[in-house]
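Listed here are the chains, written in short residue letters.
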Amino acid sequence: MPHTFLTVYRTGTMTRAAETPGLSRRTAIGRLRGPQTRFGRPLSVRRARGVTPAAAEVRAALRGAARNR
């Protein structure tokens, strides 16, 4: 899931993330729904031009993960 999560946010859309080998749009959506259900709140916000992280802690986690790659 962390790889999918980062791929979606780096590319900005589920469609672009699905261009990554081994990741379909349907898979990306499914992998993001699981954690959203566990946390009890959305981790992403759908916008007209893509997907953005929903909460400050999610954005911070993404920045940290991006630095560690």
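Residues numbered from 1 in each chain as written. Predicted model: local features only at pLDDT ≥ 70, side-chain atom pairs only at ≥ 80, totals over all residues. Heavy atoms only, no water.

**As for the overall build of the protein**
When you go through the protein residue by residue, the secondary structure sums to 4 helices and 2 strands. Along the chain direction, N to C, the helices and strands of the protein fall in the order α-α-α-β-β-α. Contacts in the protein between residues at least 24 apart in sequence constitute 43% of all its contacts with a sequence separation of at least 6. Per element, the accessible surface of the protein, about 4800 Å² overall, is 52% carbon and sulfur. (Helix = DSSP H or I, 4+ residues; strand = E, 2+ residues; numbered from the N terminus. Contact = heavy atoms within 4.5 Å. Areas by Shrake-Rupley, 256 points an atom, 1.4 Å probe, with all protein chains shown as cover.)

**Some points on the side chain of T7**
Within the fold, T7 resides in helix α1 (residues 2-11). Overall, T7 belongs to the buried group, its relative accessible area being 8%. T7 has contacts with A17, T20 and L23, leaving out every residue within four places of it along the chain. (Buried < 20%, exposed > 50% of the residue type's maximum accessible area, 1.4 Å probe, protein only.)

**Points about the environment of L32**
Structurally, L32 can be placed in helix α3 (residues 25-39). Judged by relative accessible area, L32 falls into the buried class, the value being 4%. Taking the C-alpha atoms as reference points, L32 and V8, 24 residues apart in sequence, are found 9.2 Å from one another.

**Re the side chain of T13**
Mapped onto the secondary structure, T13 falls in the loop between α1 and α2 (14-17). Within the structure, the side chain of T13 is placed 2.9 Å from the backbone nitrogen of R16, a separation counted as a polar contact. Among all residues touching T13, those that are not within four sequence positions of it are V8, R49 and G50. (Polar contact = N/O pair within 3.5 Å; in protein donor to acceptor, adjacent residues only side chain to side chain.)

**Topic: α3**
With 15 residues, α3 should reach 21 Å at 1.5 Å per residue; the first-to-last C-alpha distance of 22 Å fits that figure. Two residues or fewer past α3, G40 is found with a positive phi of approximately 75°. (Expected span 1.5 Å × (residues − 1).)

**Some thoughts on the confidence of the model for the protein**
Considering every residue of the protein, the mean pLDDT works out to 77; 80% of them sit at 70 or more. Mean pLDDT across the elements of the protein ranges from a minimum in helix α4 (residues 56-67), with 68, to a maximum in α2, with 84. (pLDDT = per-residue confidence, 0-100.)

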